[in-house]
Amino acid sequence: MGKNFHSPVVRQLHDYLFVILGAAVIALAFNVLLLPNHIASGGVSGISTILYYLTGWMPAFIQWALNIPLFIAGIVILGYQFGLKTFVGTMAVPLFVYLSQGFDPWTKEPLIGALFGGVLVGLGLGIVFRGKASTGGTDVIAQILHKYTHLSLGICMALIDGAVVVLAMITFDIESGLFALVGLFATSKTIDLVQVGLDQSKTVLIISEHQEAIREAVLFQVGRGITRLEAKGGYTDDEKQILLCVSQQRGFQKLKEVIKEIDPNAFVVVMSASEVMGEGFNR
């Protein structure tokens, strides 16, 4: 049973279900929150919103008309296969937009529509990314731009989404463009939450004259693993050791108290660890 559950076929099916579910969430957000409130928050969906209000063309048909040639251009110009799952995501979003076009808007308040529409789109995209795919669209343009301009992919995406937002400001008004920016921000933050999760951990670096006492306290009082790192003082050139510990959020306060109790003068650096993997960490 365990081998069947982890077989390549089951994993592929799992990924496709994620892609389809994510596409359905994105389409729902588009029809009930973004489109009725004139929120064109970047991407092909934003372009379809603008063209819908300018021409009356159905957004689903506009998205298909843009996505299909962009997908083909990506394969031809970038020189690699995007994969069947990305093709499914590219086609599924307009399909679900078409199927859900008769749903009543959830709100007529643009700010609420932008905020919660952005959250739902981010949720949908995060689910699609967990299926190891994307929804294509302007992502392809960004990758082509990245290839020929050598700008970072993030800057290329920002330029394209920014162009759509500016076009929305020209088509509708400045306020609509500002709401679109709210939606983009909510989308990016939600994608991070879906990818990483809410329970962020802390990476703690400790330099102290009482390392052995701190090591034992962390191991046996706090119940966390700890690692010694060899280092050299930048000013004195003395050999030193740094203690490295990764703690979950709920145990971080106890870790701080233990270190402070043993050595109030310890030099401690705390950094956020967005994702921690490895056997034993969550046990």
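Asks: I keep staring at the pairing of strand β2 (residues 227-232) and nothing clicks. Help me out?
Replies: In regular strands, side chains alternate between the two faces of the sheet. Alignment of β2 against strand β3 (residues 239-247), held across six bridges, turns out to be antiparallel. Bridge pairing in β3 places L229 opposite I242. What sits between the antiparallel neighbours β2 and β3 is a turn of six residues, in which D237 has the positive phi angle 65°.

Asks: Hey, could you run me through the packing of aromatic side chains in this one?
Replies: The relation between two aromatic rings is expressed through the spacing of the ring centres and the mutual angle of the planes. All chains considered together, the criterion is met by five aromatic pairs. Pairing Y52 with Y53 gives two aromatic rings, centres 5.0 Å apart and planes at 75°, and the pair type is edge-to-face. Taking relative accessible area as the criterion, Y53 reaches 32% and is therefore assigned partly exposed. For the ring pair Y53 and F172, a centre distance of 5.5 Å and an interplane angle of 85° mean the geometry is edge-to-face. On the criterion of sequence distance, the pair formed by Y53 in helix α3 (residues 43-55) and F172 in the loop between α8 (153-171) and α9 (174-196) is long-range, its members being 119 residues apart. The rings of Y52, Y53 and F172 are connected pair by pair, giving a single aromatic cluster.

Asks: Sorry, what's going on with the sheet that holds strand β1 (residues 201-207) here?
Replies: Within a sheet, adjacent strands bond to each other through the backbone by hydrogen bonds, running parallel or antiparallel. In spatial order, the strands read β2-β3-β1-β4; together these four strands make up an open sheet with antiparallel pairing. Each of the sheet's edge strands pairs with one partner strand only, and the pair in question is β2 and β4 (267-273). Strand-to-strand twist in this sheet, taken as the mean axis angle between neighbours without regard to direction, amounts to 25°. Contacts from helix α10 (residues 211-222) reach β1, β2 and β3 within the one sheet, and its direction differs from that of β3 by about 15°.

Asks: In this structure, what is going on with the nonpolar core? I would like to understand it.
Replies: In globular proteins that are soluble, nonpolar side chains generally tend to be buried together. I26, I39, V93, V97, L120, V121 and L125 are the most contacted members of the largest nonpolar core, which has 26 residues in total. Within the residue set of this core, elements represented by two or more residues are α2 (8-34), α5 (84-99), α6 (110-130) and α9. In terms of residue count, α2 provides more of this core than any other element does, ten residues in total. Once residues within four sequence positions are removed from consideration, V97 is found in contact with A27, F30, N31, P59, A60 and Q63. The next biggest cluster of nonpolar side chains, apart from the first, holds 14 residues, and it includes I214, L255, V258 and A266.

Rules used in this analysis
- Residues numbered from 1 in each chain as written.
- Predicted model: local features only at pLDDT ≥ 70, side-chain atom pairs only at ≥ 80, totals over all residues.
- Heavy atoms only, no water.
- Pairing = 2+ DSSP bridges.
- Helix = DSSP H or I, 4+ residues; strand = E, 2+ residues; numbered from the N terminus.
- Phe/Tyr/Trp six-rings, centres within 6.5 Å; stacked < 30°, edge-to-face > 60°.
- Buried < 20%, exposed > 50% of the residue type's maximum accessible area, 1.4 Å probe, protein only.
- Axes fitted to C-alpha atoms, helices over the stretch in contact; angles between N-to-C directions.
- Contact = heavy atoms within 4.5 Å.
- Core = buried A, V, L, I, M, F, W, Y, C linked by side-chain atoms within 4.5 Å.

Everything listed here is a matter of coordinates, which is why it stays silent on function.
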